[in-house]
Amino acid sequence: MRIGIVCPYSFDVPGGVQFHVRDLAEHLIGRGHDVRVLAPADDPATLPPFADAAGGVVAVPYNGSVARLSFGPLTAARVRRWVTEGGFDVLHVHEPLSPSTSLLALWAAQRSVVATFHTANLRSRAMQAASPLLRPSLEKIAARIAVSEDARRTVVEHVGGDAVVVPNGVFTDRFARAPRRPEWCGTPERPVVAFVGRLDEPRKGLGVLCEAVPRVRAVLPGARFLVAGRGDAGAARATAPDPGALEFLGAVDDDDKRSLLASADVYLAPHTGGESFGIVLVEALAAGAAVVASDLGAFRRVLDDGAHGRLFPTGDAAAAAAALLELLTDPGQRRHLVDAGQRAARRYDWSVVAADVLAVYETVRSGEDAHRGGEQRRSGR
């Protein structure tokens, strides 16, 4: 198939939706499909070979984060031309209600569209207000995909209709085979806890981690906490009760992230909200780290209600510390969770996930073919 995939967020800055679109495109290309991706970008030179730049980027606060979007007459013209001239068998837009390239592509589409919804925001006033205005465009969506049950519920309650749940994908073998870095590996006396997330977004839970550190170090004085992610490390360190235990690695590339997760004894996901899936949990499981996570609905589902990792009440630093200590002081229990987690991660491998996405594509194409056949028969009478 010739497939057009539209991402609303800038490919210049890493993010969950961007990674999803990039990895899906790479997998489909590897399967022999002809794929083009359209995304905002300030610097087109940073885009992968299969991606096209839709226009410059504007930063907009959204869902507890900062979304880098592209809109306006110039972008709209580029999107319209890309959609019209693309000759796509399937047009797949991600986050179609985001005021960016995906919404513009939906407006420009002349045939049925597949849409993936990533956001789980059950109290979105903006989505509720905009939905009636966008109803004619939403009718172009022939198939809705949600990356989680939380995202599906958002679609049902705020957009209308239903969606099939197809989770985010991970190249699990890349994480399972990642080399361990000696400087990031722990010992019984100096175990390593890893965290990956933007430092300046409170919902990622760095504050909870910082509060948990002295509780863990009261029992394991040599425990190390490796923190990877963009943001002001100095400001984060200044608010930490035990800053000496924190090692800030800054932003890491894909290879380093995989090695960090493979090297750590435990991965901590102390997020406080705004998560529709939990892709980093799957990555950590695939890499062989034991996982401790807040009990957000999305995280509970990935960890099968605690069968594949330890859960603690969201925002409770004391409970997070207790869960960390339970695993850091019990290698046998940690090994059991790691083995179970690596098996569970396989269900999110792109070989499985992309097959479900392709099934949706085929359903939409079959529906269009049947519709065109009916029109041809009627016009021939």
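How do you make sense of the pattern of salt bridges when you look at a structure like this?
Any two side chains of opposite charge can pair, on the condition that their charged atoms come close. Scanning the model with the defined rule gives 26 salt bridges in all. Between glutamate 26 and arginine 174 there is a salt bridge, with the nearest N and O atoms lying 3.9 Å from each other. A residue pair is termed long-range when its members are at least 10 positions apart, and glutamate 26 in helix α1 (residues 16-30) and arginine 174 in helix α6 (residues 172-176) qualify at 148 residues. Owing to a relative accessible area of 30%, glutamate 26 belongs among the partly exposed residues under this scheme. Accessibility expressed as a relative area gives 37% for arginine 174, which makes it partly exposed. Note that arginine 335 is salt-bridged to aspartate 339, the shortest N-O span being 3.0 Å. Here aspartate 339 and arginine 335 lie together in helix α13 (residues 331-345), a separation of four residues that amounts to about one turn.

Where do I start with the packing of aromatic side chains in this structure?
The geometry of an aromatic ring pair comes down to the distance between the two centres and the angle between the two planes. Per the counting criterion, the structure on display carries four aromatic pairs. Seen in terms of ring centroids, phenylalanine 71 and tryptophan 107 are 6.2 Å apart; in terms of plane orientation they differ by 75 degrees. Their pairing is edge-to-face. One end of the pair, phenylalanine 71, is in the loop between β5 (65-69) and α2 (73-85); the other, tryptophan 107, is in helix α3 (residues 101-108), with 36 residues separating them in the sequence. In this structure phenylalanine 71 comes out as partly exposed when scored by relative accessible area, which is 44%. For the pair phenylalanine 171 and tryptophan 350, a centre-to-centre distance of 6.4 Å together with 45 degrees between the ring planes defines the contact as tilted. One end of the pair, phenylalanine 171, is in the loop between β9 (164-165) and α6; the other, tryptophan 350, is in helix α14 (residues 350-380), and 179 residues separate them in sequence. As far as burial versus exposure is concerned, phenylalanine 171 and tryptophan 350 are alike and both buried. Its end group placed over the ring of phenylalanine 171, arginine 174 keeps NZ or CZ at 3.9 Å from the ring centre.

Rules of the game
Every residue gets a number counted from 1 within its own chain, in the order that chain's sequence is written. The model is predicted, so local features are restricted to residues of pLDDT at least 70 and side-chain atom pairs to those at 80 or more, both for listing and for counting; the totals for chains, interfaces and linings are taken over all residues. Side-chain calculation: all heavy atoms of the structure are included, whereas hydrogens and water are not. A side-chain nitrogen of Lys or Arg and a carboxyl oxygen of Asp or Glu constitute a salt bridge if their distance falls within 4 Å. Only DSSP runs of H or I with at least four residues qualify as helices, and only runs of E with at least two residues qualify as strands; both kinds are numbered from the N terminus onward. Here the term buried applies to any residue with accessible area under 20% of the maximum for its type, exposed to any over 50%, and partly exposed to those in between, with areas from a 1.4 Å probe on protein chains only. Stacked, edge-to-face and tilted labels apply to pairs of Phe, Tyr and Trp rings (six-membered ring for Trp) whose centres lie within 6.5 Å, assigned for plane angles under 30 degrees, over 60, and everything in between, in that order. When the NZ atom of lysine or the CZ atom of arginine is within 6 Å of a ring's centre and also within 35 degrees of its normal, the charge is said to sit over that ring.

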